[in-house]
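Here is what each chain is made of, one letter per residue.
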Amino acid sequence: TKTKFHSPVDMFSIVAAKKGQEVATGTNYKQLIRNYTLLPDAMNIELNRNRMEIQSDNLYKADFTGFLRGLGWVPIGSLDHEKNKKASDILNERKYRQHPETLKFTSPLDSLEMVLAQTNAKTLNKHLYHESWEKDKTQIHIMPDAPEFLLARANAFNISQKQYKSAMEEAKKKGYDLRADAISVKAARASRDIASDYKYKEAYQKARGKHVGFRSLQDDPKLVHYMQVAKMQSEREYKKDYEKTKTKYHTPLDMFSVVAAKKAQEVSTNVNYKQPIHQYTLLPDAMNVELTRNMNYIQSDLAYKMDYNSWFKGIGWVPAGSLDVEKARKATDILNERKYRQHPESLTFTSPLDSLEMERTRTNAHTINKRLYTEAWERDKVKIHVMPDTPEILQSRVNQFNTSEKIYRQAWEETKKKGYDLRPDAISVKAAKASRDIASDYKYKHAYEKARGKHIGFRSLQDDPKLVHFMQVAKMQSEREYKKDFEKWKTKFNSPVDMLGILLAKKCQT
């Protein structure tokens, strides 16, 4: 039973806790003076319902969400569109500024500017410049064997790129002929046969298994011979001389394959395709060679930085006294505000003590001196004694009592300490219960639920006067009917001709 606890509802501590909670949370702190009881068909309730329906956002947007949303509307011809069009015309730079070509202007033909322009046009005219040459070149005939023509033909032949490449093009067309019985081809085949492993082992494969009858290997002269041959042909012995001479290679320069490979390499890589016309031969001690060496040495970055890299790099340098430091120091002195402006304290100035300014300053200092201002009060407050029953002291105590925040809240604090007693049969509790019952949705629909299904006797909806009345009210309050005229007239705009905005727009347009 340790988890079961029973406490009477009317226990003193529980009741006190409830009262303290109500006091601390401010429950029922404010109570309405008047309580109203209204019938469901009262006029103000109907008006409130109608207002709530009118203010309802769902009803307001019902037509828009039902059938108006998604319908296109072309704003051409509307007031805002026309305003924007007129404003664009007003702000149009092309229409606002007049191009110089639209202005009619005639300059006298004998003016200085026109004569100068005509002269410059004739001077710069390419047609007039070539006119005499075009006329002469169709009338004068030069013989084809003239020295100038012969020299031009010779020069054209010498600098012709086609003639320069003609020999190479012919060699490329002929190709390269290497016959099967050439010495290099036969040498390659012989080397291949010698190095062929099949040819090397062919005799051995034929003789293997046919020599039988000797007791030991030494009795067979052929095997002894083969051993000698094998020793001679040992891999190590065989490659001994090769290892010694493999890094030494000798090829005659005039060997056919080398010469052919050189020619083919020159043709495929365009080596010596273009050759300079002139060849120079200079002695080592020629003047221009010496000059070139000196220039290369001067332009050499390594030689330029030799002293710096060898001994100058890493040596510290104090720039004090250098030209840039002195310049910076002089510029600092020039831009120094302290040196540029002279402080008043550095000026020696003495003002007479009996001058008008000094007397006024002394008088002002004496007037604003706080110590002198409070000196008499400081002296009197320790000597004068005021009785506690004087009217001023009594008035101060009364004012302090009236303005005391603690005294102002004393009654409320005492009430909070005593608690709050609210009985179930109190008038305020009964009024709250009555208001709750009236405002209850269940009580509101209680009479309707009782009467539903019992009202029988009307054949159609039109026979019931209440339902007809409700239909008329619904029709009057219908959102669609309410906005019907607005939807018809919202795209029609009537503006008087003499309206101020239209007159201003016309003035701006003109």
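Up top you'll find the structure we're talking about.
All figures in this text were calculated on a predicted structure; none of them were measured in a lab.

*Asks:* Would you mind going over the overall build of the chain with me for this structure?
*Replies:* The helix and strand inventory of the chain stands at 33 helices and 0 strands. Relative to its 510 residues, the chain shows a buried fraction of 4%. In the chain, the proportion of contacts linking residues at least 24 apart, taken out of those at least 6 apart, comes to 37%. Surface accessibility of the chain: about 49800 Å² in total, with carbon and sulfur atoms responsible for 59%.

*Asks:* How should the pattern of salt bridges be read in this particular structure?
*Replies:* Close approach of charged atoms allows side chains with opposite charge to pair. Inspection of the entire model under this criterion finds 9 salt bridges. Here Arg 49 makes a salt bridge to Glu 46, at a shortest N to O gap of 3.7 Å. Of this pair, Arg 49 and Glu 46 both sit in helix H2 (residues 43-55), 3 residues apart, which is roughly one turn of that helix. For Arg 49, a relative accessible area of 30% corresponds to the partly exposed category.

*Asks:* I tried to follow a nonpolar patch on the surface on my own but got confused; where do I start?
*Replies:* Taken together, Tyr 308, Trp 311, Phe 312 and Ile 315 make up a surface patch of nonpolar side chains, about 470 Å² in accessible area. Tracing the chain through its elements places Ile 315 in the loop between helix H19 (306-312) and helix H20 (323-335).

*Asks:* Sorry if this is basic, but what is going on with a positive patch on the surface here?
*Replies:* A cluster of basic residues, Lys 475, Arg 480, Lys 484, Lys 488 and Lys 492, forms a positive patch at the surface. Within the secondary structure layout, Lys 475 lies in helix H30 (residues 465-476). Judged by its relative accessible area of 55%, Lys 475 is exposed.

Thresholds, definitions, all that
Numbers given for residues are sequential positions, taken from 1 along each chain in its written order. For this predicted model, a pLDDT threshold of at least 70 governs which residues receive local features, and a threshold of 80 or more governs which side-chain atom pairs are given and counted, while totals over whole chains, interfaces and linings are taken from all residues. For side-chain calculations, the full set of non-hydrogen atoms in the structure is used, while hydrogens and water are omitted. What counts as a helix is a DSSP run of H or I of at least four residues, what counts as a strand is a run of E of at least two, and both are numbered from the N terminus. Here's how the labels work: a residue is buried when its accessible area is under 20% of the maximum for its type, exposed when over 50%, partly exposed in between, all with a 1.4 Å probe on protein chains only. Note on contacts: a residue pair is in contact if any heavy atoms of the two residues lie within 4.5 Å. Exposure was quantified through the Shrake-Rupley algorithm and a 1.4 Å probe, taking into account, for residues, occlusion by the shown protein chains and nothing else. Between Lys or Arg on one side and Asp or Glu on the other, a salt bridge is scored when a side-chain nitrogen of the former is within 4 Å of a carboxyl oxygen of the latter. Like charges within 9 Å and nonpolar side chains (Val, Leu, Ile, Met, Phe, Trp, Tyr) within 5 Å are joined into patches, using only residues over 30% in relative accessible area that form no salt bridge. We count Lys and Arg on the positive side and Asp and Glu on the negative side, and we leave His and both chain ends out. One atom stands in for each charge, and that atom is NZ of Lys, CZ of Arg, CG of Asp or CD of Glu.

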